[in-house]
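Single-letter residue listing:
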Amino acid sequence: VWTNEDYLDQGLPADYLRYYILTYTSHTKEMNFSWKLYLERINSEVVNTLGNFVYRSLHLSHKQFGGIPDAGVEPEVRDRIRETISTVSGLVESYDFKGAVDAIMALAAFGNNYIQTREPWKLAKTDPAAMAQVMRNCLQVAKSLALLIEPVMPERAELLWNQLGNPGDLKKAGFEEGLVD
């Protein structure tokens, strides 16, 4: 596979190629590119895990609250974000890029599980304040995911950053901004 002729010149997103390459194997091993594995990984991880969580969080929050609900982030969620940021930072410093991306996607999976088990769509009818809390937590996870995934998928991360209404340049933001709010 030639990056330009077989991929970029075909209009395929550079973000997805970077993601696939970084999650395929350690940077110290050779890689055998497979379109089948590429599609499976992008669909399963980027679309179904990360994309699904972000879409549901943004959609429900904007539909019900017109944006980010006014609530603090619960300790369970804040701790999970803090732990992920620490893990990702350590893995990047040790050049374990696959491990770092895996840790980021584990946070996305946590977000998916969190929103699924809390069922905010049901809370909208019975307990709007509880729904606001759930959605605030989800949007904080989404903000952290934008910050963490930016080196791997800068275009998608910038899109998410803007959809969340965050001020400033994502490229200049540090991971610790995922903890603020």
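Below, the structure is looked at part by part. Keep in mind that what you see is a predicted model, and the values were worked out from it rather than measured.

Procedures and definitions
Residues numbered from 1 in each chain as written. Predicted model: local features only at pLDDT ≥ 70, side-chain atom pairs only at ≥ 80, totals over all residues. Heavy atoms only, no water. Salt bridge = Lys/Arg side-chain N within 4 Å of Asp/Glu carboxyl O. Helix = DSSP H or I, 4+ residues; strand = E, 2+ residues; numbered from the N terminus. Buried < 20%, exposed > 50% of the residue type's maximum accessible area, 1.4 Å probe, protein only. Core = buried A, V, L, I, M, F, W, Y, C linked by side-chain atoms within 4.5 Å. Contact = heavy atoms within 4.5 Å. Axes fitted to C-alpha atoms, helices over the stretch in contact; angles between N-to-C directions. Parallel < 35°, antiparallel > 145°, perpendicular 65-115°, else oblique. Left-handed = near helix turned anticlockwise from the far one by under 90°. Nonpolar A, V, L, I, M, F, W, Y, C, P; charged D, E, K, R; others polar. Phe/Tyr/Trp six-rings, centres within 6.5 Å; stacked < 30°, edge-to-face > 60°. 1 Å grid on protein atoms, 1.4 Å probe; cavity = no way out; pocket = protein on both sides within 12 Å on 5 of 7 lines; lining within 4 Å. Points joined across faces, edges and corners; volume = space filled by probe spheres on them.

Turning next to the pattern of salt bridges. Applying the stated criterion to the full structure yields seven salt bridges. Of the charged contacts in the structure, one is a salt bridge between Glu45 and Arg41, with a shortest N-O distance of 3.1 Å. In this pair, Glu45 and Arg41 are both assigned in helix H3 (residues 35-65), four residues apart and thus about one turn of the helix distant. Across the salt bridge formed by Arg82 and Asp79, the nearest N and O atoms sit 3.7 Å from each other. Taken together, the positions of Arg82 and Asp79, both in helix H4 (residues 75-93) and three residues apart, correspond to about one turn of that helix. Note on Arg82: relative accessible area 40%, which makes it partly exposed.

Before going further, it helps to examine the nonpolar core. Grouped together as the largest cluster of nonpolar side chains are 48 residues, with contacts concentrated most on Tyr19, Phe53, Val141, Leu145 and Met153. Within the residue set of this core, elements represented by two or more residues are helix H2 (14-24), H3, H4, helix H5 (97-118), helix H7 (128-149) and helix H8 (154-163). Top contributing element to this core by residue count: H7, with 12 residues. Excluding residues within four positions of it along the chain, Val141 makes contact with Phe53, Val77, Ile81, Leu107, Phe110 and Gly111.

Before going further, it helps to examine the packing of H5 against H7. Where H5 contacts H7, the axes come no closer than 10 Å and their chain directions differ by 165°. Considered as vectors, H5 and H7 are oriented roughly antiparallel to each other. Here H5 and H7 pass one another in a crossing that is left-handed. Note on element contacts: H7 touches H5 through Val134, Met135, Asn137, Cys138, Val141, Ser144, Leu145, Leu148 and Ile149, opposite Ile104, Leu107, Ala108, Phe110, Gly111, Tyr114, Ile115 and Arg118. Tallied by class, residues from the contact of H5 with H7 come to 13 nonpolar, three polar and one charged.

So, about unusual backbone geometry. Glycine aside, the phi torsion of most residues is negative, and most peptide linkages are trans. Positive phi outside glycine occurs at Tyr95, with the angle close to 60°. Mapped onto the fold, Tyr95 is located in the loop between H4 and H5. One non-glycine residue, Glu119, lies in the positive phi region at around 45°.

On to the packing of aromatic side chains. Within this structure, the stated rule accounts for four aromatic pairs. Seen in terms of ring centroids, Trp35 and Tyr38 are 5.5 Å apart; in terms of plane orientation they differ by 80°. Their pairing is edge-to-face. Taken together, the residues span about one helical turn, with Trp35 and Tyr38 both in helix H3 at a distance of three residues. Residue classification places Trp35 among the partly exposed residues on the basis of a relative accessible area of 35%. The exposure class of Tyr38 is buried, given its relative accessible area of 4%. Joined through ring pairs, the aromatic side chains of Tyr20, Trp35 and Tyr38 make up one cluster.

Turning our eyes to something else, we now look at the layout of surface pockets. Estimates place the volume of the largest pocket at around 300 Å³. Forming the walls of the largest pocket are 15 residues, and the residues nearest its centre are Gly51, Val54, Arg156, Leu159 and Leu160. Those elements that place two or more of their residues in the lining of the largest pocket are H3 and H8. Residue contributions to the lining of the largest pocket peak at seven residues, all from H3. For the lining of the largest pocket, the class distribution of residues is 12 nonpolar, two polar and one charged.

Interpretation in functional terms is not warranted from these geometric data alone.
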